[in-house]
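This is what each chain is made of:
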Amino acid sequence: MSEYTAARSRTRTKIERAFWNLYLEKKFRRVTVQEIVQRAGIHRSTFYIYFQAVEDIFSAIKERQLSLLEEVLATQGEGEDRFIGLLNALREVYEENRIFLKPLVIDYHSSTFSRAYRQMLKDALKKDGNFPVYAEGSREYIILDSVMSGYIETLLQLLDSGAVSMEDSFRFAYYTMENGTKPALVKQFGIT
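Residues numbered from 1 in each chain as written. Predicted model: local features only at pLDDT ≥ 70, side-chain atom pairs only at ≥ 80, totals over all residues. Heavy atoms only, no water.

Remarks on the overall build of the chain
Thought 1: Within the chain one finds 9 helices and 0 strands.
Thought 2: Ordering the α and β elements of the chain from the N terminus gives α-α-α-α-α-α-α-α-α.
Thought 3: If one aligns the C-alpha atoms of the chain with their principal axes, the spans along those axes are about 65 × 35 × 30 Å.
Thought 4: Summarising the internal contacts of the chain: among those between residues at least 6 apart in sequence, 61% fall at separations of at least 24.
Thought 5: Taken as two groups, the 26 positive and 26 negative side-chain charges of the chain have centres that lie 7 Å from each other. (Helix = DSSP H or I, 4+ residues; strand = E, 2+ residues; numbered from the N terminus. Contact = heavy atoms within 4.5 Å. Lys, Arg positive; Asp, Glu negative; His and termini not counted. Charge placed at Lys NZ, Arg CZ, Asp CG, Glu CD.)

Structure below.
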């Protein structure tokens, strides 16, 4: 990365962090460009090099968080190694982006962004569990989606709390899914 590109990246990050801190402090009330530039320590014209409006910052933050999740979910591998690697990568992304992800995904879990984030995680978990793809709205889809929702909520709470080592919690989740959930889904509902 060139010096110029690195400097631009730092400035953009400064603007986004200033916006986000103000956004949280103001309890999600309107944040102005003037407040952002004062907090970031930049000139107003610099703001407009990166963003046309305050709302663009919020969109950029959400898009970047979804892109980071997509990159993590594209992790290669199979079986337990993929599962452990994937979840450790998710932990790293969460730790590095906690300032954004805690409010966006955990605190306001009914938002459109949070639902999209959770759905991406559920879809990846279904794929990693080698479950078939069922038609949305079908009995099998609803059952499997509900079960995966429980795993995702557990994952997110563990990421947020840090109460248990990630590797231990992920191994537990993996073995639970492989040895408990999958056989139960097959036996009770015929979901393979």
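Let's talk about the nonpolar core
Thought 1: The biggest cluster of nonpolar side chains holds 54 residues, and the ones touching the most others in it are Phe 19, Ile 36 and Phe 47.
Thought 2: Beyond its immediate sequence surroundings of up to four residues, Phe 47 is in contact with Ile 15, Val 33, Ile 36, Val 37, Ile 42, Ala 53, Val 54 and Ile 57. (Core = buried A, V, L, I, M, F, W, Y, C linked by side-chain atoms within 4.5 Å. Buried < 20%, exposed > 50% of the residue type's maximum accessible area, 1.4 Å probe, protein only.)

Here's the deal with the pattern of salt bridges
Thought 1: Summed over the entire model, instances satisfying the criterion amount to 8 salt bridges.
Thought 2: Across the pair Arg 12 and Glu 16 runs a salt bridge whose closest N-O atoms are separated by 3.3 Å. With a gap of 4 residues between them, Arg 12 and Glu 16 both fall in helix H1 (residues 3-25), about one helical turn apart.
Thought 3: Its relative accessible area of 2% is what places Glu 16 among the buried residues.
Thought 4: Its salt-bridge partner being Lys 26, residue Glu 35 comes within 2.9 Å of it at the nearest N-O pair. (Salt bridge = Lys/Arg side-chain N within 4 Å of Asp/Glu carboxyl O.)

Topic: helix H2 (residues 33-40)
The periodicity of an α-helix, 3.6 residues per turn, causes residues three or four places apart in sequence to face the same way.
Thought 1: Taken as a whole, H2 has its buried residues at Val 33, Ile 36, Val 37 and Ala 40. For H2, the arc enclosing every buried residue in end-on projection is 95°, short of the 170-degree limit, so these residues lie on one face.
Thought 2: Tucked into the core, H2 has its buried residues touching H1, helix H3 (44-50) and helix H4 (54-73).
Thought 3: Of the residues trailing H2, Gly 41 is marked for its positive phi of about 70°. (Arc of directions from axis to C-beta.)

Some words on the packing of H1 against helix H6 (residues 98-107)
Thought 1: Between H1 and H6, the least distance of the axes is 11 Å, while the angle of their chain directions is 40°. Comparing the axis directions of H1 and H6 gives the class oblique. Taken as a pair, H1 and H6 cross one another with a handedness that is left-handed. Between H1, through Glu 16, Arg 17, Trp 20, Asn 21 and Leu 24, and H6, the contact on the second element is made entirely by Ile 99, Phe 100, Pro 103 and Leu 104.
Thought 2: Residue composition of the contact of H1 with H6, by class: 6 nonpolar, 1 polar and 2 charged. (Axes fitted to C-alpha atoms, helices over the stretch in contact; angles between N-to-C directions. Parallel < 35°, antiparallel > 145°, perpendicular 65-115°, else oblique. Left-handed = near helix turned anticlockwise from the far one by under 90°. Nonpolar A, V, L, I, M, F, W, Y, C, P; charged D, E, K, R; others polar.)

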